[in-house]
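Remarks on the overall topology
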Amino acid sequence: MSTSIAERFTPRLQERQHQHLYRTRALVTSPQQPIMQINGLTVVNFSSNDYLGLANSSAIKDALITELNSTLSGVGAGAAHLVTGHHLHHHLLEDELADWLGTERALLFSTGYMANLAVQQTLMQAGDVIIGDKLNHASLVDGAHASSAEFKRYPHNDMAALERRLQAAAQQHASCTGQALIVTDGVFSMDGDIAPLKTIQTLAQTYQAWLMVDDAHGFGALGQNGKGSFEHLGLTPDANTILVGTLGKAFGTSGAFVAGSQVLIESLIQFARPYIYTTAMSQLNAAASRAALKQVQAAQVSRETLAQHIRQFRQGAQALGLTLIDSPSAIQPILLGDAHTALAWSEQLKQRGFWVGAIRPPTVPQGQARLRVTLCSTHTTAQIEALLAAFCDILAQQKTTFTQ
Ligand SMILES: *Cc1c(COP(=O)(O)O)cnc(C)c1O
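Keep in mind that what you see is a predicted model, and the values were worked out from it rather than measured.

1. Details of the sheet that holds strand β10 (residues 331-337)
The strand order β10-β13-β12 describes an open sheet built from three strands, whose pairing is antiparallel. Of all strands in the sheet, those bounded by a partner on one side alone are β10 and β12 (357-359). Geometrically, the sheet is characterised by an average inter-axis angle of 30 degrees between neighbouring strands, direction not taken into account. Two strands pair when backbone bridges link them, and β10 and strand β13 (residues 369-374) are joined in this way by six bridges, in the antiparallel orientation. Bridging across to β13, G337 finds its partner in A369.

2. A few points about the packing of helix α5 (residues 112-123) against helix α10 (residues 262-271)
The geometry of α5 relative to α10 is characterised by a closest axis approach of 10 Å and an angle of 95 degrees between their N-to-C directions. With respect to α10, the element α5 is oriented roughly perpendicular. Where α5 abuts α10, its residues A118, V119, T122 and L123 lie against L264, S267, L268 and F271. Class assignment of the residues belonging to the contact of α5 with α10 gives a composition of six nonpolar, two polar and no charged.

3. Observations regarding unusual backbone geometry
Following P361, the chain continues to P362 via a peptide bond in cis, the omega torsion being 10 degrees. With respect to the secondary-structure elements, P362 resides in the loop between β12 and β13. With a phi close to 60 degrees, H20 is a non-glycine residue in the positive phi region. Structurally, the position occupied by H20 is in the loop between α1 (5-18) and β1 (35-38).

4. Regarding the side chain of N49
When you line up the elements, N49 lands in the loop between β2 (41-45) and α2 (58-68). Engagement of the side chain of N49 in a polar contact is seen with the side chain of R372, the distance being 3.1 Å. Not counting the four nearest positions on each side in its chain, N49 is found in contact with H217, K249, A250, R372 and T374.

5. Points about the site of the ligand
Near the ligand, the surroundings consist of 13 residues, among which G112, Y113, D214, H217 and K249 are the closest. In this structure, G112 approaches the ligand through a main-chain N or O atom, which is 2.7 Å from an oxygen atom. Sorting elements by how many residues they give to the shell around the ligand places α5 first, with three residues.

6. A look at the packing of α5 against helix α6 (residues 138-146)
Interaxial distance between α5 and α6 falls to 8 Å at its minimum, and their mutual angle equals 30 degrees. The handedness of the crossing between α5 and α6 comes out as right-handed. Seen from α5, the contacting residues are Y113, N116, L117, Q120 and Q121; seen from α6, they are S139, L140, D142, G143, A144 and A146.

7. Focus: the domain arrangement of the protein
Per the domain assignment, the segments making up the protein are domain 1 (24-52 + 300-403) and domain 2 (58-297). Computed over C-alpha atoms only, the centres of domain 1 and domain 2 are separated by 28 Å. Across the contact, 20 residues belong to domain 1 and 21 residues belong to domain 2. Buried surface at the junction of domain 1 and domain 2, summed over both partners, amounts to about 1,600 Å²; 57% is from carbon and sulfur atoms. Interface area lost by domain 1 to domain 2 is led by Y51, Q300 and R303, which between them contribute 31%. Taken together, the connections running from domain 1 to domain 2 amount to 11 residue pairs in polar contact (both at pLDDT 80 or more). Every element with two or more residues in the side of domain 1 that touches domain 2 is listed here: α13 (300-319), β10 and β13. Ranked by residues supplied to the side of domain 1 that touches domain 2, first place goes to α13 with three residues. A breakdown of the residues in the side of domain 1 that touches domain 2 according to their chemical character gives 10 nonpolar, five polar and five charged.

8. Here's the deal with the packing of aromatic side chains
Scanning the model with the defined rule gives six aromatic pairs in all. Seen from their ring centres, F46 and F354 are 6.3 Å apart, and the 35 degrees between their planes marks the pair as tilted. On the criterion of sequence distance, the pair formed by F46 in the loop between β2 and α2 and F354 in strand β11 (residues 354-355) is long-range, its members being 308 residues apart. Neither residue differs from the other here; F46 and F354 are each classed as buried.

9. Focus: helix α8 (residues 197-206)
Side chains that are three or four residues apart share a direction in an α-helix, a result of its 3.6 residues per turn. Considered for burial, the residues of α8 that qualify are L197, I200, Q201, L203 and A204. One side of α8 holds all its buried residues, which, seen down the axis, span an arc of 165 degrees. Of the exposed residues in α8, those oriented more than 90 degrees away from the buried face are K198 and T206. On the buried face of α8, the contacting elements are β5 (150-154), α7 (159-172), β6 (180-185), β7 (210-214) and α9 (229-232). Downstream of α8 by a residue or two, Q208 has a phi angle that is positive, lying close to 50 degrees.

10. Details of the sheet that holds strand β8 (residues 241-246)
Reading across the sheet, the seven strands line up as β3-β9-β8-β7-β6-β4-β5 and stay open at both edges, with mixed pairing between neighbours. Every interior strand has two partners, whereas the edge strands, β3 (105-109) and β5, have only one. Averaged over all adjacent pairs, the angle separating strand axes in this sheet is 20 degrees, with direction ignored. Examined bridge by bridge, β7 and β8 share four bridges and lie parallel to one another. Looking at β8, one finds that D214 is bridged to V244. In this fold α6 packs onto β4 (129-133), β5, β6 and β7, with an angle of close to 145 degrees to the strand it touches most, β5.

Basis of the calculations
- Residues numbered from 1 in each chain as written.
- Predicted model: local features only at pLDDT ≥ 70, side-chain atom pairs only at ≥ 80, totals over all residues.
- Heavy atoms only, no water.
- Pairing = 2+ DSSP bridges.
- Helix = DSSP H or I, 4+ residues; strand = E, 2+ residues; numbered from the N terminus.
- Axes fitted to C-alpha atoms, helices over the stretch in contact; angles between N-to-C directions.
- Parallel < 35°, antiparallel > 145°, perpendicular 65-115°, else oblique.
- Contact = heavy atoms within 4.5 Å.
- Nonpolar A, V, L, I, M, F, W, Y, C, P; charged D, E, K, R; others polar.
- Polar contact = N/O pair within 3.5 Å; in protein donor to acceptor, adjacent residues only side chain to side chain.
- Near = heavy atom within 4 Å.
- Left-handed = near helix turned anticlockwise from the far one by under 90°.
- Domains from an automatic or database assignment.
- Buried area = accessible area lost by both parts, 1.4 Å probe.
- Phe/Tyr/Trp six-rings, centres within 6.5 Å; stacked < 30°, edge-to-face > 60°.
- Buried < 20%, exposed > 50% of the residue type's maximum accessible area, 1.4 Å probe, protein only.
- Arc of directions from axis to C-beta.

Shown next as structure tokens:
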């Protein structure tokens, strides 16, 4: 029996609407920056991942203009990396990323989503096991499902549970050659907390597991030199560690990279389908990302400003009695519980001139809907103060509604 697309999806769309889970795309008509035009409104933006304010950086724009006026680049890559798409700017960006992170090599991907599919699909085989944190980014979860390995999860940052999964894998594989891979976000994208990488690294070494860390929100923003969660925690990745970073967040451009050993990178080039069968990102984006890397490397002051903003916001929010998560990063969620409340608060903030996204299931677990406030170095203390005042206002209004 067959049905039309409309018959299948109309009820599903209606159900989403009734559950307050319907998603819409806000229309942006300004650069990504603290004050933006969104849906025709002028708002202070507390939703983006542009942590260092590089998405509209004049230094990066200048680099792009120079590039466009040169005879080196043109516009599109025109082909995959293994055909004729691998431009000098891609090559140099890879070298510069590897030098910066102290890994043997790095490899560019068009998106972080594809990098996460590629690594897990390519590295892991039938008989292997991927052990991932329950709150890992959706692209890591999809990457695990896309591989032929078995996929186990452990409760968020629960190291005893991770060790039990590793023990079970070791017993199961005692007689054969199955390999375990631990997979975790560095900074968790919806909670902002950091994985306990010291313990995870020790466990990986003890159980001879490989370790994959997706530090999309760590690179650029965390660590004295912006080298992410490892630097923040005073750790160095070992030869069996795979780092994944994105260029679309603190770097302000787009795309992603995998950094690690020579053998890892060569294996991805030879065998990773999301690397091989896709057009290279534009060389213009690679040139822009090279300029962005220079900015990231020199952004000590911005990172300090960001850290001050984080302290200011947390102190203010705590004083108001808002429920925060124990997050040291630029991601500062305010837990509200149900999707309806999160949407209502987001709407009230919008009316007061602040753009703060409501994050609802299935992106977060049921009952954990939240506002996801993100801070950037380019915010001013006055803008953060004003956001806190708006929260205070909404809380006061709620009290009067309850007592009426
Ligand atoms: C954003 C994000 C990704 C996806 O990266 P894109 O380049 O946007 O596809 C992967 N992992 C994490 C943790 C992210 O936050």
